[in-house]
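Listed below are the residues making up each chain.
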Amino acid sequence: MFKFLIALKSLLLAGIMATSLSAQAADDVIKTVYHMSEGIPQASRAINNIRNHLAADPKAKIVVVTHGLGIDFLLDGATNQMEQPFSGAIGELAAKGVEFRVCNNTLVSRKIDPARVAMEAKIVPSGVAEVARLQAREGFVYLRP
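Residues numbered from 1 in each chain as written. Predicted model: local features only at pLDDT ≥ 70, side-chain atom pairs only at ≥ 80, totals over all residues. Heavy atoms only, no water.

Participant: Run through the pattern of salt bridges, naming residues and quoting values.
Facilitator: On inspection of all chains with the given rule, the structure shows 11 salt bridges. As a salt-bridge pair, Lys59 and Asp28 come within 3.8 Å of each other at their nearest N and O atoms. Taken together, the residues span a long stretch of sequence, with Lys59 in the loop between helix H2 (40–56) and strand S2 (61–66) and Asp28 in the loop between helix H1 (2–26) and strand S1 (31–36) at a distance of 31 residues. (Salt bridge = Lys/Arg side-chain N within 4 Å of Asp/Glu carboxyl O. Helix = DSSP H or I, 4+ residues; strand = E, 2+ residues; numbered from the N terminus.)

Below, the structure is given as C-alpha coordinates:
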(Lines give C-alpha, C1' and ligand atoms only; values in the text may rest on other atoms or scores of the structure.)
Protein backbone atom coordinates (compact mmCIF):
# COMPACT_ATOMS: atom_id res chain seq x y z
CA MET A 1 0.00 0.00 0.00
CA PHE A 2 2.85 2.38 0.85
CA LYS A 3 4.50 1.82 -2.57
CA PHE A 4 1.14 2.43 -4.23
CA LEU A 5 0.74 5.78 -2.44
CA ILE A 6 4.26 6.85 -3.41
CA ALA A 7 3.60 5.89 -7.04
CA LEU A 8 0.28 7.74 -7.00
CA LYS A 9 1.93 10.82 -5.48
CA SER A 10 4.65 10.71 -8.17
CA LEU A 11 2.06 10.44 -10.93
CA LEU A 12 0.08 13.37 -9.53
CA LEU A 13 3.21 15.48 -9.21
CA ALA A 14 4.25 14.63 -12.78
CA GLY A 15 0.77 15.56 -14.02
CA ILE A 16 0.84 18.88 -12.21
CA MET A 17 4.28 19.69 -13.58
CA ALA A 18 3.27 18.79 -17.14
CA THR A 19 0.13 20.93 -16.87
CA SER A 20 2.14 23.81 -15.46
CA LEU A 21 4.75 23.60 -18.22
CA SER A 22 2.15 23.45 -20.98
CA ALA A 23 0.27 26.39 -19.46
CA GLN A 24 3.53 28.32 -19.22
CA ALA A 25 4.37 27.57 -22.87
CA ALA A 26 0.87 28.62 -23.94
CA ASP A 27 1.10 31.80 -21.87
CA ASP A 28 4.51 32.86 -23.16
CA VAL A 29 3.45 36.50 -23.01
CA ILE A 30 5.36 38.83 -20.69
CA LYS A 31 2.97 41.25 -18.99
CA THR A 32 4.38 44.67 -18.12
CA VAL A 33 2.90 47.67 -16.34
CA TYR A 34 4.46 51.05 -17.10
CA HIS A 35 3.83 53.34 -14.11
CA MET A 36 3.70 57.06 -14.91
CA SER A 37 3.22 59.96 -12.51
CA GLU A 38 5.79 62.60 -13.54
CA GLY A 39 4.33 64.47 -16.52
CA ILE A 40 5.17 65.13 -20.17
CA PRO A 41 8.94 64.35 -20.19
CA GLN A 42 8.29 60.95 -18.60
CA ALA A 43 5.48 60.30 -21.10
CA SER A 44 7.82 61.03 -24.02
CA ARG A 45 10.38 58.57 -22.61
CA ALA A 46 7.67 56.00 -22.03
CA ILE A 47 6.30 56.21 -25.59
CA ASN A 48 9.80 55.52 -26.94
CA ASN A 49 10.39 52.74 -24.40
CA ILE A 50 7.09 51.07 -25.29
CA ARG A 51 7.77 51.28 -29.03
CA ASN A 52 11.20 49.68 -28.46
CA HIS A 53 9.66 47.10 -26.13
CA LEU A 54 7.10 46.05 -28.75
CA ALA A 55 9.73 45.98 -31.51
CA ALA A 56 11.75 43.51 -29.43
CA ASP A 57 8.73 41.55 -28.15
CA PRO A 58 5.60 42.06 -30.29
CA LYS A 59 3.62 39.62 -28.11
CA ALA A 60 4.18 41.66 -24.93
CA LYS A 61 1.08 42.67 -22.97
CA ILE A 62 1.59 46.28 -21.89
CA VAL A 63 -0.59 48.39 -19.61
CA VAL A 64 0.26 52.03 -18.91
CA VAL A 65 -1.12 53.23 -15.56
CA THR A 66 -1.10 56.96 -14.90
CA HIS A 67 -1.82 59.23 -11.95
CA GLY A 68 -0.80 62.69 -10.79
CA LEU A 69 1.02 64.60 -13.51
CA GLY A 70 1.37 61.31 -15.40
CA ILE A 71 -2.14 61.66 -16.82
CA ASP A 72 -1.34 64.87 -18.71
CA PHE A 73 -0.30 63.20 -21.97
CA LEU A 74 -3.66 61.40 -22.07
CA LEU A 75 -5.69 64.62 -22.01
CA ASP A 76 -7.16 66.15 -25.18
CA GLY A 77 -4.69 68.39 -26.98
CA ALA A 78 -1.61 67.19 -25.05
CA THR A 79 1.71 67.74 -26.82
CA ASN A 80 5.27 66.71 -26.13
CA GLN A 81 8.20 69.09 -25.59
CA MET A 82 8.44 69.63 -29.36
CA GLU A 83 4.75 70.57 -29.58
CA GLN A 84 3.87 67.28 -31.31
CA PRO A 85 0.51 65.84 -30.25
CA PHE A 86 0.51 62.62 -28.24
CA SER A 87 -2.78 61.51 -29.82
CA GLY A 88 -1.10 59.80 -32.80
CA ALA A 89 1.31 57.84 -30.62
CA ILE A 90 -1.48 56.84 -28.23
CA GLY A 91 -3.63 55.59 -31.13
CA GLU A 92 -0.69 53.76 -32.69
CA LEU A 93 0.17 51.96 -29.45
CA ALA A 94 -3.46 51.20 -28.61
CA ALA A 95 -3.78 49.58 -32.06
CA LYS A 96 -0.90 47.30 -31.03
CA GLY A 97 -2.74 46.26 -27.87
CA VAL A 98 -1.27 48.70 -25.35
CA GLU A 99 -3.82 49.67 -22.71
CA PHE A 100 -3.90 53.07 -21.03
CA ARG A 101 -5.43 53.62 -17.58
CA VAL A 102 -6.07 56.94 -15.85
CA CYS A 103 -6.54 57.49 -12.11
CA ASN A 104 -9.98 58.83 -11.20
CA ASN A 105 -8.62 60.16 -7.89
CA THR A 106 -6.33 62.43 -9.91
CA LEU A 107 -9.17 63.60 -12.14
CA VAL A 108 -11.26 64.47 -9.08
CA SER A 109 -8.46 66.17 -7.12
CA ARG A 110 -7.34 68.20 -10.14
CA LYS A 111 -10.95 68.94 -11.16
CA ILE A 112 -10.44 67.54 -14.67
CA ASP A 113 -13.51 66.57 -16.67
CA PRO A 114 -13.28 62.85 -17.56
CA ALA A 115 -14.45 63.78 -21.06
CA ARG A 116 -10.97 65.29 -21.62
CA VAL A 117 -9.33 61.86 -21.29
CA ALA A 118 -8.25 60.22 -24.57
CA MET A 119 -10.81 57.77 -25.85
CA GLU A 120 -8.20 54.98 -25.83
CA ALA A 121 -7.82 55.28 -22.04
CA LYS A 122 -9.87 53.64 -19.35
CA ILE A 123 -10.53 55.42 -16.06
CA VAL A 124 -9.75 53.35 -12.96
CA PRO A 125 -10.62 54.29 -9.36
CA SER A 126 -6.97 54.61 -8.24
CA GLY A 127 -3.80 54.52 -10.31
CA VAL A 128 -1.66 53.32 -7.41
CA ALA A 129 -4.14 50.59 -6.51
CA GLU A 130 -4.25 49.53 -10.18
CA VAL A 131 -0.46 49.16 -10.32
CA ALA A 132 -0.53 47.08 -7.13
CA ARG A 133 -3.38 44.91 -8.42
CA LEU A 134 -1.66 44.21 -11.74
CA GLN A 135 1.54 43.21 -9.95
CA ALA A 136 0.00 41.17 -7.13
CA ARG A 137 -2.96 39.52 -8.83
CA GLU A 138 -2.08 39.39 -12.52
CA GLY A 139 1.69 38.85 -12.46
CA PHE A 140 2.73 42.03 -14.27
CA VAL A 141 6.36 43.16 -14.26
CA TYR A 142 6.80 46.75 -13.07
CA LEU A 143 8.62 49.41 -15.13
CA ARG A 144 8.95 53.11 -14.46
CA PRO A 145 10.34 55.04 -17.43
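Participant: Lay out the packing of H2 against helix H3 (residues 87–95) with the relevant residues and their values.
Facilitator: Remark: H2 packs on H3, axes separated minimally by 11 Å, with the N-to-C direction vectors making an angle of 30°. Classified by the interaxial angle, the pair formed by H2 and H3 is roughly parallel. H2 and H3 meet at a crossing whose hand is left-handed. Contacts between H2 and H3 involve Ile47, Ile50, Arg51 and Leu54 from the former and Ala89, Glu92 and Leu93 from the latter. When its residues are assigned to classes, the contact of H2 with H3 shows five nonpolar, no polar and two charged. (Axes fitted to C-alpha atoms, helices over the stretch in contact; angles between N-to-C directions. Parallel < 35°, antiparallel > 145°, perpendicular 65-115°, else oblique. Left-handed = near helix turned anticlockwise from the far one by under 90°. Contact = heavy atoms within 4.5 Å. Nonpolar A, V, L, I, M, F, W, Y, C, P; charged D, E, K, R; others polar.)

Participant: An account of the sheet that holds strand S3 (residues 99–103) is requested, with residue identities and associated values reported.
Facilitator: Strand order in the open sheet formed by five strands is S4-S3-S2-S1-S5, with parallel pairing between adjacent strands. In the strand order of this sheet, the two ends are held by strand S4 (121–124) and strand S5 (141–143), each with one partner. Averaged over all pairs of adjacent strands, the angle between strand axes in this sheet comes to 25°, irrespective of strand direction. (Pairing = 2+ DSSP bridges.)

Participant: Explain the layout of surface pockets to me, and be specific about the residues and the numbers.
Facilitator: Quantified by volume, the largest pocket comes out at close to 160 Å³. Every residue lining the largest pocket is listed: Ser44, Ile47, Asn48, Arg51, Asn80, Gln81, Met82, Gln84, Pro85, Phe86 and Ala89. Looking at which element gives the most residues to the lining of the largest pocket, the answer is H2, with four residues. Of the residues belonging to the lining of the largest pocket, the class tally is five nonpolar, five polar and one charged. (1 Å grid on protein atoms, 1.4 Å probe; cavity = no way out; pocket = protein on both sides within 12 Å on 5 of 7 lines; lining within 4 Å. Points joined across faces, edges and corners; volume = space filled by probe spheres on them.)

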